[in-house]
Amino acid sequence: MRFKLIARFLLFAGLCVCLASIDMLLKEGLAVQNSRIVFMSTRDGNYEIYVMDAYGGNQENLTNHPATDTQPDWSPDGTKIAFASGRDGRRSRQIYVMDADGKNPIKLTDGPLTKSHPDWSPDGRKIAFTVHDLWTYQIDVMDADGNNREKLVAPAAEPSWSPDGRKIAFIASGEMHVIGADGQGLKRVTHDLTYDSSPAFSPDGRRIAYMMYKPRAHAQIYVVGRDGKNRVRLTYNKEHHGFPAWSPDGRIIAYHVVDGKCPDQPSIHLMTADGKYLRQLSDDRKARDFAPDISPIGLAVSPASKTTTIWGKLKKRARDLR
């Protein structure tokens, strides 16, 4: 009897230490910086742009529009959010920019072709994005106010700027490539013969996180060197994982998970940069939550020490830690 009590105490103590370590990592990596996570969700009936704090609390609809609003991306200074929307009434989506609180949305692009996947340059002066119809895909780059738009590369989609602003990672024919921001120096990074998606440069510029999808298998998140070497698989669960986004210090990755048991309710999760599971942030059983992005600079919307809602969820998820 005494042995069982001691074993239970040690198990509980170990769990507390583990949970405390998780909480400390979240505080140091996200909450102390008052980082916020923007994402797209259907919880109000159609895709809208939402924001929440580092613990998944204070979820707020920023767009509140009957049109579809998707693929949000923080500006480098954290004051703006670029996104794709069909709110101009046409069949094609366009690129918009709004303030971090959802106010003052401005349309930056026009024309018949669909625009998607906006990504800010590190200096905040330019935005790269995908232009496509049913058959063609290319990446264009424009000034942050929508002027001076130029074609960068084709066929290409899903751009991601490197932190030094010199390179852009993208997807073409299901593989990841990197090209200079001036359109020179094209290089293929992956040779998976699968379908790669959602590239995201790490804050130090040395690695690129991305999603790999294999036929008859679940999509998983990998990290690879920008030269294509030293690839590491981060996720292993029997669920689809996608849209990785790095924290400012490079220690945490946000991503979405499509649970095989609830395929219509994907949710936002966090893990460490080496693939250790941290926690689930969104858990709306009636919503589809996709495409997270972590703010580069904190904008306080709640006390950084607010932890009262996380302990129960962390205990339930402790068994998933590897």
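Residues numbered from 1 in each chain as written. Predicted model: local features only at pLDDT ≥ 70, side-chain atom pairs only at ≥ 80, totals over all residues. Heavy atoms only, no water.

1. Describing the overall build of the protein chain
This is how the line gets drawn: Elements are defined by DSSP. Helices are runs of H or I of four residues or more, strands are runs of E of two residues or more, and each kind is numbered from the N terminus. For the exposure calls, accessible area comes from a 1.4 Å probe over protein chains only, and a residue counts as buried if that area is under 20% of its type's maximum, exposed if over 50%, partly exposed in between. Working rule for contacts: check all heavy atoms of both residues, and any pair within 4.5 Å makes them a contact. We get accessible surface area from the Shrake-Rupley algorithm with a probe of 1.4 Å; when it comes to residues, only the shown protein chains can shield them.
Secondary structure assignment for the protein chain yields two helices and 24 strands. A burial count over the protein chain gives 52% of its 322 residues as buried. Taking contacts inside the protein chain between residues at least 6 apart in sequence as the whole, the part at least 24 apart equals 39%. Carbon and sulfur atoms make up 53% of the accessible area of the protein chain, which totals about 15600 Å².

2. Quick word on the sheet that holds strand β5 (residues 80-85)
Worth spelling out the cut-off: Strands pair, by our definition, only if DSSP identifies at least two bridges between them.
A sheet is described by the order of its strands in space; here four strands give the open sequence β4-β5-β6-β7, paired in antiparallel fashion. Since the sheet does not close on itself, it has two edges, and those belong to β4 (69-74) and β7 (106-107), each with one partner. Pairing of β5 with strand β6 (residues 94-99), which is carried by six bridges, proceeds in the antiparallel orientation. By the bridge assignment, Ser-85 is partnered in β6 with Gln-94.

3. Regarding the layout of surface pockets
Short version of the rule: Buriedness for pockets is judged along seven lines, at least five of which must meet protein on both sides within 12 Å for an open set on the 1 Å grid over protein atoms alone, while cavities are sets there where a 1.4 Å probe fits but cannot get out, and lining residues have an atom within 4 Å of a point. Grid points are joined across faces, edges and corners, and a volume is the space filled by probe spheres set on the points. Note on residue classes: Ala, Val, Leu, Ile, Met, Phe, Trp, Tyr, Cys and Pro are nonpolar, Asp, Glu, Lys and Arg are charged, and everything else, Gly too, is polar.
There is about 870 Å³ of room inside the largest pocket. Forming the walls of the largest pocket are 36 residues, and the residues nearest its centre are Asp-73, Asp-119, Ser-160, Phe-201 and Asp-293. Listing elements by their share of the lining of the largest pocket, those giving two or more residues are β4, β8 (114-120), β12 (157-161), β16 (195-201), β20 (240-246) and β24 (289-294). When its residues are assigned to classes, the lining of the largest pocket shows 22 nonpolar, ten polar and four charged.

4. Some points on the confidence of the model for the protein chain
The test is simple: For every residue, the pLDDT score states the predictor's confidence, bounded by 0 at the bottom and 100 at the top.
The predicted model of the protein chain averages 83 in pLDDT, with 80% of residues at 70 or higher. Ranking the elements of the protein chain by mean pLDDT puts helix α2 (residues 311-317) last with 34 and β12 first with 98. Predicted confidence is poor over residues 298-322, with pLDDT under 50, and the contacts of this stretch with residues over four places away or in other chains come to 50 contacts.

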